[in-house]
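# Coordinate inspection notes
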Amino acid sequence: MTDPDIILHNYPQSPVAEKARVAFGIKGLAWRSVEIPRIPPKPMLTVLTGGYRRTPVMQIGADIYCDSQCILHALERRHPSPSFYPTPESGLLRCLGRWTDGALFDLSVRIVLGSAGDALPPEFAEDRGRLYFGPDWARGLKEANSALPHLAAQMRVVLHWLDDQLADGRRFISGDAPAAIDAQFYHAVWFIRGRWDRGPAFLSEFARLERWEADIAALGHGTMTPMSAGEAIAVARAAEPTTTPGITDPLDPQGLAPGMAVTVSPDLDGGEQPVQGVIVSATADTVTLRRSDPETGTIHVHFPRAGYRVDIA
Ligand SMILES: N[C@@H](CCC(=O)N[C@@H](CS)C(=O)NCC(=O)O)C(=O)O
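Note that this is a predicted model, so its numbers are computed, not measured.

Rules used in this analysis
- Residues numbered from 1 in each chain as written.
- Predicted model: local features only at pLDDT ≥ 70, side-chain atom pairs only at ≥ 80, totals over all residues.
- Helix = DSSP H or I, 4+ residues; strand = E, 2+ residues; numbered from the N terminus.
- Rg over C-alpha atoms; globule rule 2.2 N^0.38 Å.
- Buried ≥ 20, exposed ≤ 12 C-beta atoms within 10 Å, placed from the backbone.
- Arc of directions from axis to C-beta.
- Near = placed C-beta within 6 Å.
- Contact = placed C-beta atoms within 7 Å.
- Domains from an automatic or database assignment.
- Pairing = 2+ DSSP bridges.
- Axes fitted to C-alpha atoms, helices over the stretch in contact; angles between N-to-C directions.
- Core = buried A, V, L, I, M, F, W, Y, C linked by C-beta atoms within 7 Å.
- Left-handed = near helix turned anticlockwise from the far one by under 90°.
- Nonpolar A, V, L, I, M, F, W, Y, C, P; charged D, E, K, R; others polar.

## Brief notes about the overall build of the chain
Within the chain, the regular secondary structure consists of 11 helices and 10 strands. Since a compact globule built from 313 residues should have a radius of gyration of about 20 Å, the 19 Å found for the chain is in line with a globular shape. Principal-axis analysis of the C-alpha atoms places the extent of the chain at approximately 55 × 45 × 40 Å. In the chain, buried positions account for 39% of the 313 residues.

## Quick word on helix α5 (residues 122–133)
Buried residues of α5: Arg128, Gly129 and Phe133, and no others. The buried residues of α5 occupy an angular sector of 110° when projected down its axis, which confines them to one face. Of the residues flanking the end of α5, it is Gly134, one or two places downstream, whose phi is positive at about 85°.

## Overview of the site of the ligand
The immediate surroundings of the ligand are formed by Ser14, Pro15, Val16, Arg38, Arg53, Arg54, Thr55, Asp67, Ser68, Gln69, Asp101 and Leu131. At the level of elements, α1 (15–27) and α3 (68–78) are the ones that each hand at least two residues to the shell around the ligand.

## Some words on the environment of Leu141
With respect to the helices and strands, the residue Leu141 is situated in helix α6 (residues 137–146). In this structure Leu141 comes out as buried when scored by C-beta crowding, with 22 C-beta atoms within 10 Å. Contact partners of Leu141, with chain neighbours within four places excluded, come to Leu113, Gly114, Ala125, Gly129 and Phe133.

## Some details on the domain arrangement of the chain
Domain boundaries in the chain define domain 1 (6–82 + 224–312) and domain 2 (90–219). The centre of domain 1, based on its C-alpha atoms, is set 24 Å off from the matching centre of domain 2. Every contact between the two is made by 18 residues of domain 1 and, on the other side, 22 residues of domain 2. For the side of domain 1 that touches domain 2, the secondary structure elements donating two or more residues are α1 and α3. Per element, the largest residue contribution to the side of domain 1 that touches domain 2 is 8 residues, and it comes from α1.

## Description of the sheet that holds strand β5 (residues 223–226)
If you walk across this open sheet you meet the 10 strands as β5-β2-β1-β3-β4-β9-β8-β7-β6-β10, and the pairing is mixed. Edge positions in the open sheet fall to β5 and β10 (308–312), since each of these has one partner strand only. Strand-to-strand twist in this sheet, taken as the mean axis angle between neighbours without regard to direction, amounts to 35°. For strand β1 (residues 6–10) and strand β2 (residues 30–35), the ladder comprises 4 bridges, and the chain directions are parallel. Note on β2: the bridge partner recorded for Asn10 is Glu35. Of the strands in this sheet, β1, β2 and β3 (57–60) touch α1, which is tilted by about 155° from β1. Relative to strand β9 (residues 297–304), α3 is tilted by about 105°, and along the sheet it contacts β3, β4 (63–66), β8 (286–293) and β9.

## Describing the nonpolar core
The tendency in soluble globular proteins is for nonpolar side chains to be buried as a group. The biggest cluster of nonpolar side chains holds 75 residues, and the ones touching the most others in it are Ala23, Met58, Cys66, Ala179, Ala180, Ile192 and Leu289. It is helix α8 (residues 180–195) that contributes the most residues to this core, 10 residues altogether. Counting the residues that make up this core, at least three belong to each of domain 1 (6–82 + 224–312) and domain 2 (90–219). Those residues in contact with Met58 that sit more than four places away from it in its chain are Ile6, Ile7, Leu8, Ala20, Tyr65, Ile71 and Ala74.

## A few points about the packing of helix α4 (residues 90–116) against helix α7 (residues 148–165)
Remark: α4 packs on α7, axes separated minimally by 10 Å, with the N-to-C direction vectors making an angle of 140°. Our pair here, α4 against α7, has a crossing hand that is left-handed. Packed against α4, whose contacting residues are Leu104, Leu107, Arg110, Ile111, Gly114 and Ser115, the element α7 presents Leu148, Leu151, Ala152, Gln154, Met155 and Val158 at the interface. Per-class residue counts for the contact of α4 with α7 are 8 nonpolar, 3 polar and 1 charged.

Set out below in structure tokens:
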């Protein structure tokens, strides 16, 4: 199926972008790829997001989807078949997927950054250190380095569980069809295989997991065509956002409602710039902001609620 309007702002080495690229492969989608810088400044990205600087970001016309959670959600709505949730456990798998975004990704980052130690280019160490370890990042990096055997033991538990899950001969984690949860686990495994010097030897203990990795890799990334950042901004400017104003949810715990001015930021202090905007829609799992900029015109920026903080401005 082709959907030429999907644009992914990403760079090849990003594991979270790999999650989105595998998701495109599962659904067999065509997409445009804008390569963004690995470290800020990223002005051609942040003009679209309103300041969010993480990777990846998906754009469809004048709708901007921040965070892989939000990207998977939007793809599932737009292209329901084949489903990211082919078994009846979608609620459970969303919870587990969220755990892979949080605790599991965090563990893989600690292993990769901790093992690189002093070999990390200083600018990259400072940027990623601050993002993932907070204000006391230099100490966090050192601690990750000295805790490597412990961190590896934590990762090994998860890999054992996954390998066991595949023991009945199923091709993928939840059965014979690939699902969102495959992309969600795969990105952490792909990261430690590719960026931890001991990764391939560590993973070789798990024969079923390695077979699963090969099957995921064989799904591919759908059909990718490169696009420039300037073209993507022009697409946003020429398009109208598609989200219709939401209704007020009387049960929203924060009392969020369309028309409110808010800021959104990741709930862990990575020193990131909060995104300002006016709420178009706020549901239990997604908040959408309207923003205007002379370069992009009016755009809608979507964030997951899980893992993000919305503050009333
Ligand atoms: N929770 C976010 C995490 C995104 C994330 O941390 N991505 C990494 C790249 S794999 C990142 O943004 N690194 C800093 C950067 O690219 O500037 C998601 O699921 O999309």
